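Examination of the molecular architecture
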Amino acid sequence: MSDKLDLSIVIPVFNEGENVGELYNQLNVVLSRLGKTSEIIFVDDGSIDDTLKKLKAIKDNRVKIVGFQRNYGKAAALSCGFKKSQGDFVITMDGDLQDDPKEIPRFFEKLEEYDMVSGWKSKRQDPISKTIPSKFFNALTRYITGVKIHDFNCGFKGYRNYVVNNVRLYGEFHRYIPALAHWRGYTVGEIEVEHHPRIHGKSKYGVERLFKGFLDLITVTFLNLYKKRPLHIFGGMGLLLIFSAVIINLHLVSLWLRGIRIGDRPLLMLSILITVLGAQFISLGLIGELITNSRNNDDYIIKYDSYELENGM
Ligand code: UDP
Ligand code: MG
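Note that this is a predicted model, so its numbers are computed, not measured.

Counting its regular elements, the chain contains 11 helices and 8 strands. Seen through its C-alpha atoms, the chain measures out along the principal axes to roughly 85 × 40 × 40 Å. Looking at the chain residue by residue over its 313 residues, the buried ones come to 47%. Put simply, 80% of the contacts in the chain that link residues at least 6 apart link residues at least 24 apart. Element-wise, carbon and sulfur atoms account for 60% of the exposed surface of the chain, whose accessible area totals about 16600 Å².

Now the structure itself:
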């Protein structure tokens, strides 16, 4: 592709027709003050409103548009934006006007110190039904991944381009980019960012995200720890099970030695059965995840691509 740029801004949008025009205007003001060469990549994640039409109406050759055939989710949209980006630095933000473009220069400042900088919506302007689960979720993610930032899921983030080239997104992994980057050996910083309430359009994520997010957290952790040697984790679980069985058997033997009957303890049998089944399910799920992960998130179909139009393809 053509020349290198200083900055790529990647914005995933799904039904944000009422927001993209104003967002562009705000970005335009900030970017002209910033004095860096830049591109704004909108990835339309299969919107069914007039988002794509509104985007095409923007007359600015810094604006690049990629339109997906259908809705593949935010991680796929980001992954595509990362692939297209030509900037030395990449900034991602939400397209719903909740992230404020005027924070962009602060990301640049912090990126002098870190490979990646994550935004922290310290005064998040979303309903309590989202903020409380999110607090819990962030604490858990902090604990499990060991990455000490407050807000994993903030869409506003800045990267040096080698970071986005080296993290692979899959499923809903966009939430764990700070952890994926940290595990790759990159430094991760954080800045507090202003957050506005959503005025137009609806949030696409509800409480179900918590559950999906939790399952992804398991996968992401196991992928990091045992990617190359899956047998070690499954074998470990197997050993643990055998060990538990030995303990249970020792207990049964001690009962038997004291002359207590052990033939009528259905609860014990049930608990063993459930443990074994549970472990089986987890292992199977994980094997599936590990295999699927090798596919990664790039099997989307692009129906509109302003890059190709530009290059006369
Ligand atoms: N988004 C997307 N694909 C989706 C869902 C959301 O590209 O399947 C975009 C959405 O248009 C917005 C950003 O991701 O620009 C964040 O979504 P949203 O505002 O719904 O999430 P919230 O801020 O409520 O967590
Ligand atoms: Mg939002």
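Additional details are given in the paragraphs that follow.
What follows covers the coordination of the magnesium ion (ligand 2). Surrounding the magnesium ion (ligand 2) are the protein donor atoms Asp96 (OD) and Gln98 (OE1), which sit 2.0 to 2.1 Å from the metal. With a relative accessible area of 4%, aspartate 96 lands in the buried category.

Looking at the chain, the domain boundaries give domain 1 (7–227) and domain 2 (230–294). On a C-alpha basis, the centroid separation for the pair domain 1 and domain 2 is 41 Å.

Here the phi dihedral of asparagine 15 falls at roughly 55°; this positive angle occurs in a residue that is not glycine. By the element assignment, asparagine 15 lies in the loop between β1 (5–13) and α1 (20–34). Non-glycine residue leucine 97 carries a positive phi angle of around 70°. Relative to the assigned elements, leucine 97 resides in the loop between β4 (87–92) and α4 (104–111).

A complete count under the given rule lists 8 aromatic pairs for this structure. Within the aromatic cluster, the residues linked to one another by ring pairs are Phe68, Tyr72 and Tyr300. Sitting over the ring of phenylalanine 108, lysine 36 keeps its end group 4.8 Å from the ring centre. Cation over ring: lysine 56 sits above tyrosine 304, and NZ or CZ is 4.2 Å from the ring centre.

Its location among the elements puts glutamate 39 in strand β2 (residues 38–44). Residue class for glutamate 39 comes out buried when judged on its relative accessible area of 0%. A distance of 3.0 Å separates polar atoms of two side chains, one belonging to glutamate 39 and the other to tyrosine 307.

Attention shifts here to helix α5 (residues 128–145). Between its first and last C-alpha atoms α5 spans 25 Å; for 18 residues at 1.5 Å apiece the expected length is 26 Å, and the two agree. Turning to α5, its buried residues number three or more, namely Lys130, Thr131, Ser134, Phe137, Asn138, Thr141 and Thr145. The arc that holds the buried residues of α5, viewed along the axis, is 130°, so those residues lie on one side. Residues of α5 that are exposed and point more than 90 degrees away from the buried face comprise Ile128, Ile132, Lys135, Phe136 and Tyr143. Following α5 by one or two positions, glycine 146 adopts a phi angle in the positive range, close to 75°.

What follows covers the site of ligand 1. Taken together, 19 residues sit near ligand 1, with Glu16, Asp45, Asp96, Lys130 and Ser203 positioned nearest. With respect to ligand 1, the side chain of glutamate 16 contributes an N or O atom lying 2.6 Å from an oxygen atom. Taking glycine 95, its main chain carries an N or O atom lying 2.7 Å from an oxygen atom of ligand 1. Relative to its free-state accessible area of 530 Å², ligand 1 is covered by the protein chains to the extent of 97%. Broken down by class, the residue content of the shell around ligand 1 amounts to 4 nonpolar, 5 polar and 10 charged.

Attention now goes to α1. The end-to-end C-alpha separation of α1 is 20 Å, in line with the 21 Å expected for 15 residues at 1.5 Å each. Taken together, the buried positions of α1 are Val20, Leu23, Tyr24, Leu27, Val30, Leu31 and Leu34. For α1, the angular spread of the buried residues around the axis is 135°, confining them to a single face. In this structure, α1 carries Ser32 and Arg33 as exposed residues pointing more than 90 degrees from its buried face. Packing partners of the buried residues in α1 comprise β1, β2, α2 (51–56), β3 (63–68) and α4. The first or second residue beyond α1 is glycine 35, which carries a positive phi of 65°.

Take the packing of α1 against α4 next. Look at α1 against α4: their axes get within 10 Å of each other, and the N-to-C directions meet at 45°. Classified by the angle between their axes, α1 and α4 sit oblique to one another. Along the contact surface, α1 presents Leu27, Val30 and Leu34, while α4 presents Ile104, Pro105 and Phe108.

Core analysis: the biggest nonpolar cluster contains 36 residues, and Phe68, Phe82 and Tyr159 have the highest contact counts within it. For this core, the secondary structure elements donating two or more residues are β2, β3, α3 (74–84), α6 (161–166), α7 (177–183) and α8 (208–226). It is α3 that provides the largest number of residues to this core, a total of 5 residues. Apart from residues no more than four positions distant in its own chain, tyrosine 159 is found in contact with Phe82, Asp88, Phe89, Val90, Thr92, Leu111, Asp115, Met116, Val164 and Ile177.

How each quantity is defined
Residues numbered from 1 in each chain as written. Chains lettered and ligands numbered in written order. Predicted model: local features only at pLDDT ≥ 70, side-chain atom pairs only at ≥ 80, totals over all residues. Heavy atoms only, no water. Helix = DSSP H or I, 4+ residues; strand = E, 2+ residues; numbered from the N terminus. Buried < 20%, exposed > 50% of the residue type's maximum accessible area, 1.4 Å probe, protein only. Contact = heavy atoms within 4.5 Å. Areas by Shrake-Rupley, 256 points an atom, 1.4 Å probe, with all protein chains shown as cover. Donors = N, O, S within 2.8 Å, 3.2 Å for Na, K, Ca; no water. Domains from an automatic or database assignment. Phe/Tyr/Trp six-rings, centres within 6.5 Å; stacked < 30°, edge-to-face > 60°. Lys NZ or Arg CZ within 6 Å of the ring centre and 35° of its normal. Polar contact = N/O pair within 3.5 Å; in protein donor to acceptor, adjacent residues only side chain to side chain. Expected span 1.5 Å × (residues − 1). Arc of directions from axis to C-beta. Near = heavy atom within 4 Å. Nonpolar A, V, L, I, M, F, W, Y, C, P; charged D, E, K, R; others polar. Axes fitted to C-alpha atoms, helices over the stretch in contact; angles between N-to-C directions. Parallel < 35°, antiparallel > 145°, perpendicular 65-115°, else oblique. Core = buried A, V, L, I, M, F, W, Y, C linked by side-chain atoms within 4.5 Å.

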